[in-house]
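Structural description and commentary
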Amino acid sequence: MNNDVKKIIFSRFFLSFSYGALNVIVSIYLHFEGYNNLTIGVILSLGILINAVMAFVFAIFADHFGRKYILILILILFSISSYLFVIIKNPYIISILIGIGGFTGIGGGPIGSGGATGTIMTAIISENVERKNYSKILGIASSIGIVGSILGSFTITIFDIYNINYVNIFYLSIINGLISASIVLFIKDNKIRNPRLWPSISWKKIIKLSIPTIPGGLSSGLIAPFFSLWFVERYHVSPGIVGAIFAISNIFTITTMVLLPYMISGNGKSELNTIIITRGLGSLFLILIGLSPNILLASIFFILRNGFQMGSIPIRQSFSLGVVDEKERATVSGATTLSRIGSTSLTPAVGSSIMNYSIELPPILSGIVNIFDPLLYYLLFKKEFYNKN
C-alpha cells in the first residue's frame, strides 16, 4: 500500500467520523427543531437529490481537471455546510446544505459512500493499486472509514450521557472536514485526465452498472435517511441507544468488509456472485427488521443487514472499476452514485408518510424493493460472466 493510498484512507477516517455522527443525528435534530416526519422526509429527499447530482458533476470535473483538486474543494464545502446547517432555519436551504455536505443519512462510512467525496477517493485509490488487489485495498479502506463512523456514532451516545448539546457535532464536523482537506493537499497528482468532459469509452458499461442501483436507491430512501428516527419512534429509545446500535452494526460491517475480499478469487465473476448473494441477504434482513416485535431482534437484523449489504460495497466498487477505462473511473462512480442516490431521493417523503400510517411498513417495503437490486445484477451481467465458454 503506497503513501498516497494511506493518506486518502487517513483523510477518509476524519470525514467518516463526522458522517457517523451526522447520519444518526440529522433527522433527530430536525425532529427536535419542530419539523414533522413528512417535512423531514421532503428535506432529506431534496438533499439526497442535490447530493446525487453533485456527485456526478464533480466526478466528471475530477476526471477532467484533476481528482486531487476537486476533492479538496468538496471537503471545504463539507465544512462550510456543517457550519451553516446550525444557523439557517429555512428548510429549502437546509436541503441544499445536506446535499452539499453529504450528510443525507445514507452511507458516509465506507470509502465509496458519501456522495462526491466517495467517488473521487475510490478513483484515486484505483490509480495506485493493481486490479487484482482492488477489493482487498478498498475493503481495508472502507473498514478504517467505518471505524471512524463507529467513533462518530458513539459520540452521540457520549453526548447523550453527559447531556452535551448535539449542535456541537456540527462544529466538530467543520474541523474534521478541514483536516481531511489538509491531508489531501499532500497527495501526488498522477496527471490522469480524461481529455473530454463527457465519458466516451465506457458509456455502455456505465449504463449497465447504473441500472441495478435504481431499485437499491428506491429501497434505501424508504427507510435509511431516518432509520435512527424510526428506532426512536418504534421502540421509544433514546438517541444514545440508537447511536450504540449503529456503532455495533458498523463493527460487524468492518468484519465482512475485511473478510469477504479474501474469501473470493478477485475476478469479475466471483465479485458478481458475492454482490448477488450479499444483497439478497440484505433484502431479507430488512423485511425481518420491520417484522421484529422488540428492539433486540430489530437490532440484530439491522446489524446483519448492514453487514451484508454494506460489507459488499468494496467488492461492488472493485467490480465497477474493473470493467471501465481508468480515465473514466471517477465518472463511472459518479454516474452510479447519481442513479443510486437520485433514486433514493424519490422515496424518503413516501417512507416518512408511510411511517405516520404504519411504523412497521417502511423497512418491509424497503426490503421487497431491494430484491430487484441483485436480480438486475444477474440479468444484466449473466451473458458477460456466466455464459462464457
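That block above? That's the structure.
In this text the structure is predicted, and so the values were computed from the model without any measurement.

Moving on to the overall build of the chain. When helices and strands are counted, the chain shows 18 helices and 0 strands. Taking 21 Å as the expected radius of gyration for a compact globule of 389 residues, we find that the chain reaches 19 Å, a close match to that expectation. Along the first, second and third principal axes, the C-alpha set of the chain runs to 55 × 45 × 30 Å. Relative to its full complement of 389 residues, the chain shows a buried share of 62%. Looking at the chain alone, contacts between residues at least 24 apart form 86% of all its contacts between residues at least 6 apart. Total accessible area on the chain is roughly 14,500 Å²; 69% of this is exposed by carbon and sulfur atoms. Averaging the coordinates of the 27 positive side-chain charges in the chain and doing the same for the 15 negative ones gives two points 7 Å apart.

What follows is about the packing of helix 2 (residues 37–65) against helix 5 (residues 116–127). The contact between helix 2 and helix 5 brings their axes to 8 Å, and the two run at 30°. In this structure, helix 2 meets helix 5 at a crossing whose hand is right-handed. Side by side, helix 2 and helix 5 meet where M54, A55, F58, A59 and A62 of the first sit next to A116, T119 and I120 of the second. Classifying every residue of the contact of helix 2 with helix 5 by side-chain character gives 7 nonpolar, 1 polar and no charged.

Right, let's talk about the pattern of salt bridges for a bit. This model, assessed by the stated rule, comprises 8 salt bridges. D189 is the partner of K191 in a salt bridge, and the nearest nitrogen-oxygen pair spans 3.7 Å. Assessed through its relative accessible area of 14%, D189 is described here as buried. Residues D189 and R193 are paired through a salt bridge, measuring 2.7 Å at the closest nitrogen-oxygen approach. Salt bridges sharing common partners tie together D63, R67 and E127.

Packed helices, taken two at a time, are described by the angle between their axes plus the distance between the axes. As a packed pair, helix 10 (residues 227–235) and helix 11 (residues 239–263) sit with axes 10 Å apart at the nearest point and diverge in direction by 130°. With respect to helix 11, the element helix 10 is oriented oblique. In this structure, helix 10 crosses over helix 11, and the sense of that crossing is right-handed. Residues F227, S228, F231 and V232 of helix 10 form the contact with helix 11, whose participating residues are V242, I245 and F246.

Right, let's get into a nonpolar patch on the surface. On the surface, L49, V53, V57, F61, F65 and L197 cluster together into a nonpolar patch covering about 480 Å² of accessible area. Within the secondary structure layout, F65 lies in helix 2. Judged by relative accessible area, F65 falls into the partly exposed class, the value being 49%.

On to the environment of I179, then. In this fold, I179 is placed in helix 7 (residues 167–184). I179 sits in the partly exposed class, given a relative accessible area of 29%. Considered as a pair, I179 and S79 are 100 residues apart in the sequence and their alpha carbons are 9.8 Å apart.

Let us now look at unusual backbone geometry. The phi angle at N163 is positive, at roughly 55°, despite the residue not being glycine. Inspection of the secondary structure puts N163 in the loop between helix 6 (134–161) and helix 7. Its identity is not glycine, yet H236 carries a phi of approximately 55°, on the positive side. Mapping H236 onto the fold places it in the loop between helix 10 and helix 11. A residue is classified by how much of its surface remains accessible, and H236, at 70% relative accessible area, is exposed.

Quick look at the side chain of T256 now. Along the polypeptide, T256 turns up in helix 11. Those residues in contact with T256 that lie beyond four places of it in its chain are P261, G307 and G311.

Next up on the list: the packing of aromatic side chains. Between two aromatic rings, the relevant description is the distance of the centres plus the angle of the planes. All told, the structure shown has 24 aromatic pairs when counted by the stated rule. Aromatic pair F227 and W230: ring centres 5.8 Å apart, planes at 85°, arrangement edge-to-face. Placement of the pair is F227 and W230 together in helix 10, with a separation of 3 residues, close to one helical turn. Put simply, the rings of Y19, Y29, F78, F85, F103 and F170 touch in pairs and so form one group of aromatic residues. Positioned above the aromatic ring of Y262 is the side chain of K136, whose terminal nitrogen or guanidinium carbon lies 5.5 Å from the ring centre.

With that out of the way, let us pick up helix 16 (residues 348–357). When helix 16 is considered as a whole, its buried residues turn out to be P348, A349, G351, S352, I354 and M355. The inward-facing, buried residues of helix 16 contact helix 2, helix 9 (213–221), helix 10, helix 15 (329–344) and helix 17 (361–370).

Attention now goes to the side chain of S79. With respect to the helices and strands, S79 occurs in helix 3 (residues 67–85). Judged by relative accessible area, S79 falls into the buried class, the value being 4%. Excluding its chain neighbours within four sequence positions, the residues that come into contact with S79 are S173, I174, G177 and L178.

As a further point, take the environment of N3. Tracing the backbone through its elements, the reader meets N3 in helix 1 (residues 3–32). In this structure N3 comes out as exposed when scored by relative accessible area, which is 52%. Sequence separation between N3 and I245 is 242 residues; the distance between their C-alpha atoms is 34 Å.

So, how was this worked out
- Residues numbered from 1 in each chain as written.
- Predicted model: local features only at pLDDT ≥ 70, side-chain atom pairs only at ≥ 80, totals over all residues.
- Heavy atoms only, no water.
- Helix = DSSP H or I, 4+ residues; strand = E, 2+ residues; numbered from the N terminus.
- Rg over C-alpha atoms; globule rule 2.2 N^0.38 Å.
- Buried < 20%, exposed > 50% of the residue type's maximum accessible area, 1.4 Å probe, protein only.
- Contact = heavy atoms within 4.5 Å.
- Areas by Shrake-Rupley, 256 points an atom, 1.4 Å probe, with all protein chains shown as cover.
- Lys, Arg positive; Asp, Glu negative; His and termini not counted.
- Charge placed at Lys NZ, Arg CZ, Asp CG, Glu CD.
- Axes fitted to C-alpha atoms, helices over the stretch in contact; angles between N-to-C directions.
- Left-handed = near helix turned anticlockwise from the far one by under 90°.
- Nonpolar A, V, L, I, M, F, W, Y, C, P; charged D, E, K, R; others polar.
- Salt bridge = Lys/Arg side-chain N within 4 Å of Asp/Glu carboxyl O.
- Parallel < 35°, antiparallel > 145°, perpendicular 65-115°, else oblique.
- Patch = residues over 30% accessible without salt bridge, like charges linked within 9 Å, V, L, I, M, F, W, Y side chains within 5 Å.
- Phe/Tyr/Trp six-rings, centres within 6.5 Å; stacked < 30°, edge-to-face > 60°.
- Lys NZ or Arg CZ within 6 Å of the ring centre and 35° of its normal.

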